[in-house]
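# Coordinate inspection notes
The chain contents come next:
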Amino acid sequence: MNPGSLCLWALPGGGHDIGESVANTVVREVREETGIDVEVDSVVGLYTDPAHVIAYDDGEVRQQFSICFRALPVGGALRTSSESKEVRWVDPADLGDLDIHPSMWLRITHGLDATRVQPHIG
């Protein structure tokens, strides 16, 4: 894992549009970025980290905040978009071979942990 590399693997994500339910946001963002249609199953957690500040090329600066959901694929076909360079299914056993930021690793670890009964808040 190399958090300093320029291109890291990440879960689909994005912004919430006015007039949209949060579940519809999840469905839309996953479809836009991956081509996969999903059905929202549950909340994995709420994630904030004051030390994780993102500076975009357009000058916008944001402190990381996200809600991570577990969702089930129900259709569609894998494809890239303007927001994704590569899209693929990855066996959990192979995740260690990918460059993934530690904050994304936390979400993935929580999402794969079948023993978790409450969402992460932190």
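As a starting point, this report considers the structure included with it. Given the structure is predicted, the values throughout are model-derived calculations rather than measurements.

This part is about the pairing of strand β2 (residues 61-76). Across 14 bridges, the pairing between strand β1 (residues 36-55) and β2 is antiparallel. Paired with V40 across the strands is A71, a residue of β2. Joining the antiparallel neighbours β1 and β2 is a turn of 5 residues, in which G59 adopts a positive phi near 95°.

So, on to the sheet that holds β1. Here we have 3 strands laid out as an open sheet, ordered β2-β1-β3, and mixed in their pairing. With partners counted over all chains shown, the strands left at the sheet margins are β2 and β3 (120-121), one partner each. Set on the sheet, helix α1 (residues 22-34) makes contact with β1 and β2; between it and β1 the angle comes to about 85°.

Okay, α1 next. Under the 1.5 Å per step criterion, the end-to-end length of α1 is 18 Å for 13 residues, consistent within 8% with the ideal 18 Å. Within α1, the full set of buried residues consists of T25, V26, V27, R28, E29, V30, E33 and T34. Here the buried face of α1 lies against β1 and β2. G35, located one to two residues past α1, shows a positive phi value of around 85°.

With that settled, consider the pairing of β1. Across 2 bridges, the pairing between β1 and β3 is parallel. Residue pairing across strands places L46 opposite I121, the latter belonging to β3.

Criteria and cut-off values
Residues numbered from 1 in each chain as written. Predicted model: local features only at pLDDT ≥ 70, side-chain atom pairs only at ≥ 80, totals over all residues. Heavy atoms only, no water. Pairing = 2+ DSSP bridges. Helix = DSSP H or I, 4+ residues; strand = E, 2+ residues; numbered from the N terminus. Contact = heavy atoms within 4.5 Å. Axes fitted to C-alpha atoms, helices over the stretch in contact; angles between N-to-C directions. Expected span 1.5 Å × (residues − 1). Buried < 20%, exposed > 50% of the residue type's maximum accessible area, 1.4 Å probe, protein only.

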